[in-house]
Structure formats: C-alpha cells, structure tokens
Amino acid sequence: MAIQWFPGHMHLTHKAIQERIKNIDVVIELLDARLPGSSANPMLAELTAGKPTLKVLNKQDLADPARTSLWLAHYNALAGTRAIGLDASVSAPAKALIKECFALAPSRGGMVKPMRVLICGIPNVGKSTLINTLTGKRATKTGDEAGITKLEQRISLADDFYLYDTPGMLWPRIIVAKSGYNLAASGAIGRNAFNEEEAALELLAYLKVHYAPLLVARYKLAVVEGLQDEELLEAIGRKRGALQSGKGVNLQKAGEIVIYDFRAAALGRITLETPQEFSEWLAAGQKLDAARQVKKDAIELDRKIRFKKIPRPDSRAP
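Residues numbered from 1 in each chain as written. Predicted model: local features only at pLDDT ≥ 70, side-chain atom pairs only at ≥ 80, totals over all residues. Heavy atoms only, no water.

**Here we look at the overall build of the chain**
Here is step 1: When you go through the chain residue by residue, the secondary structure sums to 12 helices and 6 strands.
Here is step 2: Burial statistics for the chain: of 318 residues in total, 47% are counted as buried.
Here is step 3: Relative to all contacts within the chain whose residues are 6 or more apart in sequence, the contacts with residues 24 or more apart total 69%.
Here is step 4: When the accessible surface of the chain is totalled, it reaches about 16100 Å², and 54% of it is carbon and sulfur. (Helix = DSSP H or I, 4+ residues; strand = E, 2+ residues; numbered from the N terminus. Buried < 20%, exposed > 50% of the residue type's maximum accessible area, 1.4 Å probe, protein only. Contact = heavy atoms within 4.5 Å. Areas by Shrake-Rupley, 256 points an atom, 1.4 Å probe, with all protein chains shown as cover.)

Following this line, the structure appears as structure tokens:
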C-alpha cells in the first residue's frame, strides 16, 4: 500500500514558500543523508526553480559514507547547485553553509544587498537542530517526530545574512512507492499514516540484501540470507522479546523495534538508496503515474458523456 501524508499545515507552508521565494537569493534544501533522493521534495523543486540551491545531506554521521560520496557527486553535477554533507550537531561544519551560500550568490552581501536564504526540507530532517547550532542558541523547537515547526521564522545569522526557516513539507502524492517507505522509516511521516510492521518489512527487504552483516551483528542472528522478510522480522522479534500470548511473535512490536534501531543508527551507518537506484524507482513511478492518469482521464471523459456535459464522439468520424 502506498504511503501518503500531507496534513493541512503543509498547504500553508506551500503558500508561504510560494510568496517568500520571490525575494530569496539562495535556497538551502536539507536532505536526509540516509535517503537523499526520497527526501528531496519535487514540489519544492518546482516552487524554487531557477534559484541557486545548496543541497545539504544532513545526518551524514548516520549514513553510509561511501554512498554519501556518490550522492554528493550526483548533486554537485547539477547546474546551479552545490552539495555538502553535514552533521547538524557539529558547530564547525555548520558554519560552512554561509560560505557556500555566498559562493552561489556572489553578488549579494553587505547592508545594501543582504543575503536572503530560504531553508526548507521534509519533516524531521534536522532543520531546527541545525539552526540552533548556527545561532548558538535555542532559536527553534526540536524533536524526533514530524511536524515540530509550524510557522515561518526569520533568523539573522549576520548583519547581512537573513535565514528564513519554514515548516517541514512533504508533497501531496508520493509516486515512488519505495520513497514512501523510506520516509516512514526515517521518521518524516506521521505515525498514523503508515503501519510499522509493513514499513519494517520493506526496510528489512532492502537491508538483508545490502547490509546483511549489520543485521546479523545487531540481532545476533545465525544468518539472514534465504529468509523471507516475514521470517526475518519474526526472528528479530524472538531475539528482542517481542512476544505475545502463546509465545507467538508480536510482529507490530518487532516492526517498531527495527524502525527504532534504524533511526537511532543502532544497526550501523546505512543509506537506503543510491543515485542509480532512485533514478530507476522514479522512472518506474512516473510511468505508473502516467498510466493511472490516462485511466483517470478516460473515467472522467465517460462520466461527462453519460451526464451529457459533452457530446458523445462520433465513431464514424475519420
């Protein structure tokens, strides 16, 4: 089942960005280094088209360093874009953001033409923690759940550098199914919008192929190769005591354990996608979405004909 989450306040965020972007010099998009493609908002890309963009792969200390390098190279190859990795809790690297913004917009600076930067990203990607690190004080609320920041804030990082913070925003329809599950695993999607067992099974399906040794080490398993996803989740549940009456495994609880361990990096440093993988997922998602749109258009056309809102096409026409 596809995962979707777009609560009401995100509509307001969309409108706020649409209005603010007119006077912005550089856009900073914070991405989750563990899912750099899935955490890039396509709706934000449309809103900020033409603006110099700094892609920040946040939480890089939780991600696979080899894959982080691949993603940095991917984004740095894009026109008008720079990309850096960052751990928002470390103060020195965070200051590099100001330097990168001036590199992207060298004509800005000084009291006459102050740098105006919009920082945005998906929920729970670490924006508030980063801003607090940049300012050296608790300028914004933080928390390990989606939807903490609800209002736009303007923060002065220097006399000629204004940073506009916006609430985390997803997009109305996630057409890449794998992205939905990756976003759920990362904590970017509200808990009521997905099933932990289902999300954990999708996560394990990927991890057992690409990070099997980490699963073996964390859960003290003999082997993960050859196990079905459900069998693997059940084995983890037994190891971690997620049992119910009759000594059966509570798969929902086991799923919560797996997701928590991923978010806390208890499994190790993991990245859930490579640039090539995400490109393939996106192409498949776009193809499926186009097919759905054709079907939807056909249904709508038939409805209009049946209710005589438009004439029935003449089948004898050439």
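**Focus: the nonpolar core**
Here is step 1: Core analysis: the biggest nonpolar cluster contains 85 residues, and Ile28 and Leu183 have the highest contact counts within it.
Here is step 2: Among the elements that line this core, the one with the most residues is helix α8 (residues 196-210), at 7 residues.
Here is step 3: Contacts of Ile28, omitting those with residues within four sequence positions, involve Leu54, Val56, Cys101, Val117, Leu118, Ile119, Cys120 and Leu163. (Core = buried A, V, L, I, M, F, W, Y, C linked by side-chain atoms within 4.5 Å.)

**Re the sheet that holds strand β3 (residues 81-86)**
Within a sheet, neighbouring strands are paired by backbone hydrogen bonds and run either parallel or antiparallel to one another.
Here is step 1: As summarised here, the arrangement of the 6 strands in space is β3-β2-β1-β4-β6-β5, forming an open sheet in which the pairing is mixed. In the strand order of this sheet, the two ends are held by β3 and β5 (153-158), each with one partner. Within this sheet the neighbouring strands show an average axis-to-axis angle of 25°, counted without direction.
Here is step 2: Pairing of strand β1 (residues 26-32) with strand β4 (residues 115-121) involves 5 bridges; the strand directions are parallel. What sits directly across from Leu30, in β4, is Gly121.
Here is step 3: The strands touched by helix α3 (residues 65-76) are β1, β2 (53-58) and β3; relative to β3, the strand with the most contacts, the crossing angle is about 160°. (Pairing = 2+ DSSP bridges. Axes fitted to C-alpha atoms, helices over the stretch in contact; angles between N-to-C directions.)

**Quick look at the confidence of the model for the chain**
Close inspection of predicted coordinates is inappropriate for parts of the model with low pLDDT.
Here is step 1: Here the chain averages 87 in pLDDT, while 89% of its residues score no lower than 70.
Here is step 2: Between residues 139-150, whose pLDDT stays under 50, and residues either more than four places distant or in other chains, the model counts 37 contacts. (pLDDT = per-residue confidence, 0-100.)

**Topic: α3**
Here is step 1: Taking 1.5 Å per residue, 12 residues should reach 16 Å; α3 reaches 16 Å between its end C-alpha atoms and fits that length.
Here is step 2: All of the buried residues along α3 are Arg67, Thr68, Trp71, Leu72 and Tyr75. All buried residues of α3 fall inside an arc of 145° around its axis, so they share one side.
Here is step 3: Considering only its buried residues, α3 is in contact with β1, β2, β3, α8 and α12 (275-306).
Here is step 4: The N-terminus of α3 is capped by Asp64, whose side-chain oxygen sits 3.1 Å from the backbone nitrogen of Ala66. (Expected span 1.5 Å × (residues − 1). Arc of directions from axis to C-beta. Polar contact = N/O pair within 3.5 Å; in protein donor to acceptor, adjacent residues only side chain to side chain.)

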